[in-house]
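Below, each chain spelled out in residue letters.
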Amino acid sequence: MLDLTKLARQMQGLSQHLTLEAAASRQRLELAQQHLKNAYESQQDLIDRQEKWRDRILFANATPIEPLETCIDIPVPPKIHTVIATDGSQIAPNHHEIAYCYLLNIGRVVLHYGQNRHPLLDSLPEVFYRPEDLYMSRQWGIRTEEWMSFRRTASETTVLAELACGAAQGETPALAMVDGSLIYWFLEQLPMDARDRILPPILEAWQQMRDAKIPLMGYLSASRSIETMNFLRLLACPHPVPDCKSHCPNQLEKVPCKIFEQLRDTSVWATRLKPGQRSTLWRSNSPILELYGDQTIYFCYVHVGTEIARIEVPAWVAQNATMLDQALGLMLAQVQKGYGYPVAIAEAHNQAVVKGGDRARFFALLEQQMIKAGLKNVGTSYKEARKRGSIA
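Residues numbered from 1 in each chain as written. Predicted model: local features only at pLDDT ≥ 70, side-chain atom pairs only at ≥ 80, totals over all residues. Heavy atoms only, no water.

- In the annotation of an unreviewed UniProt entry, the entry for the protein reads DNA double-strand break repair nuclease NurA, and the organism field reads Nostoc edaphicum CCNP1411.

Here you go:
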C-alpha cells in the first residue's frame, strides 16, 4: 500500500526540479530553433558531410529528403475509403500458474467508410505451449517473456497484411496502420539466427501490402525520438569534420555538439507546424535498416491537432507522392474521428487487450482441459495463491 503522507514530503523537491528543468528546456528550444534556421542555407552541405562521415558518426541521425523549412498542408481524404489496423496483447508465461505457456491475442479492425459494408472488430488468440515455442530463445540468451513480445510484433504485421489484402476492393483507397514504430530497434541486439525468425515474415507481409498498393503506416504518439535534432548536431560540431570516433569516442560524456540534449524532435516541430500540416520528410539511418533492403523507413512529423505525431512509412510509400498524401489524409481523418488518436488503432487495442477476467477464464479453460486429460494436482503454486488475497 502506498503511504501518501510520506510521499507528499518528496513532492516539493520534485516540483522545484521540474521548474528548473522547464526553464532549461525553453533555452534548449530557442537554441535549436536558431540552428534550424541556420541549417536552411547549409542543408546540402550538412547532408554531404553526413554521407561522407556516416561510418564515423556515433549518434543516431536522419537525412532530410525535402527542404528543412517544409510545412505542407495535408489534403482532405476521399469519403470512400477503408482503414485496417492491428494491435496485440499477451498473457506472459508464469511458473506459478497451472501450466507454463503464453498466449498472444491480436486485435483486428477493418473500418469501411462511405460503403455499405460491415466493419470487422475481433481478436485472434493463439496459445503457445510446445517446448520449441517456450525454450527456443534461450539458446540466444533471450528470455521467453522477451521472445513472446518479438513474436507478437511479427504476428501483428502478418495479420495486418492478410486483412489489408482481403479487405481492400478495386480502386477504393485504403490504409493499413500499426501502433508504434516500423523501425524494430530491438533487432539490433539479437543474434542473426534470432532475427531471421522475426524480420523476414514482417518484410514479406510488407511486400504483400506493397503488391496490393495498400500503404502501410506506423503512428507514434508522444514520440521521444531525437533523430532530426541530431541532424542539427552536425551544424553544432566544432571540429573540422564530424569524426566522432576520433574526437568524441565516448558519447555518454558531455560532448560539444550536445547542445540540444533531452530536447525531442516533437518540441521543435510543434513551433513550426500548424494543425493539419506535416514537416519535412526524413530518411532514418538506423543501422538495423540495412536489413530492410528496399523497404527502409522514412518519417515525418504531423500536427494532428492534439499533438505532434511521428508518422513512419516504408520507402515505397514515401517515394510515391500521391500514395503518401492520401495515406496522411486518411490518418488525419482517423485522428479526428478518434478525438485525438486514430480510431482504428484504438479499437484494435481494445480488441486485443486481455483483462483480468479474460485471464482468469483462460486459465480456468486450461484447467478443465488438463483435468479431462487425466492430469492430477492441477492448480497454482502456494505463492501465487497467497498473492491473490490477504489474511492480514
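## A short note on the side chain of S225
Here's step 1: Residue placement: S225 occurs in the loop between β7 (216-220) and α5 (227-236).
Here's step 2: Within the local environment of S225, its side chain forms a polar contact with the backbone nitrogen of E227, the two atoms lying 3.3 Å apart.
Here's step 3: Leaving out residues up to four positions away in the same chain, S225 has contacts with R264, D265, Y301 and R310. (Helix = DSSP H or I, 4+ residues; strand = E, 2+ residues; numbered from the N terminus. Polar contact = N/O pair within 3.5 Å; in protein donor to acceptor, adjacent residues only side chain to side chain. Contact = heavy atoms within 4.5 Å.)

## Quick word on the environment of C300
Here's step 1: Along the chain, C300 falls in strand β10 (residues 297-303).
Here's step 2: Accessibility expressed as a relative area gives 1% for C300, which makes it buried.
Here's step 3: For the pair C300 and L281, spaced 19 residues apart in sequence, the C-alpha to C-alpha distance is 4.9 Å.
Here's step 4: Apart from residues no more than four positions distant in its own chain, C300 is found in contact with R278, S279, T280, L281, A309, R310, I311 and L328. (Buried < 20%, exposed > 50% of the residue type's maximum accessible area, 1.4 Å probe, protein only.)

## Description of the packing of helix α3 (residues 144-167) against helix α4 (residues 192-211)
Here's step 1: Contact geometry for α3 and α4: axes closest at 9 Å, N-to-C directions at 15 degrees. As far as their axial angle goes, α4 and α3 are roughly parallel. Between α3 and α4 lies a crossing of left-handed hand. Contact residues: W147, F150, R151, T153, A154, T157, T158, L160, A161, A164 and C165 in α3; A194, R197, I198, P201, I202, A205, W206, Q208 and M209 in α4.
Here's step 2: Here the residues of the contact of α3 with α4 sort into 14 nonpolar, four polar and two charged. (Axes fitted to C-alpha atoms, helices over the stretch in contact; angles between N-to-C directions. Parallel < 35°, antiparallel > 145°, perpendicular 65-115°, else oblique. Left-handed = near helix turned anticlockwise from the far one by under 90°. Nonpolar A, V, L, I, M, F, W, Y, C, P; charged D, E, K, R; others polar.)

## Brief notes about the confidence of the model for the protein
Here's step 1: With 93% of its residues at a pLDDT of 70 or more, the protein has an overall mean of 91.
Here's step 2: Note on residues 381-388: pLDDT is under 50 here. Beyond four places in sequence and across chains, it has nine contacts. (pLDDT = per-residue confidence, 0-100.)

## Section: the pairing of β10
Here's step 1: β10 sits mainly inside the fold: seven of its seven residues count as buried.
Here's step 2: In this structure, strand β9 (residues 282-284) lies alongside β10, joined through two bridges in antiparallel fashion. In the strand pairing of β10, W282 is matched with F299.
Here's step 3: Alignment of β10 against strand β11 (residues 308-314), held across seven bridges, turns out to be antiparallel. When the sheet's bridge partners are listed, Y301 is paired in β11 with R310.
Here's step 4: Linking β10 back to β11 in an antiparallel pair, the connection comprises four residues, with G305 at a positive phi of about 105 degrees. (Pairing = 2+ DSSP bridges.)

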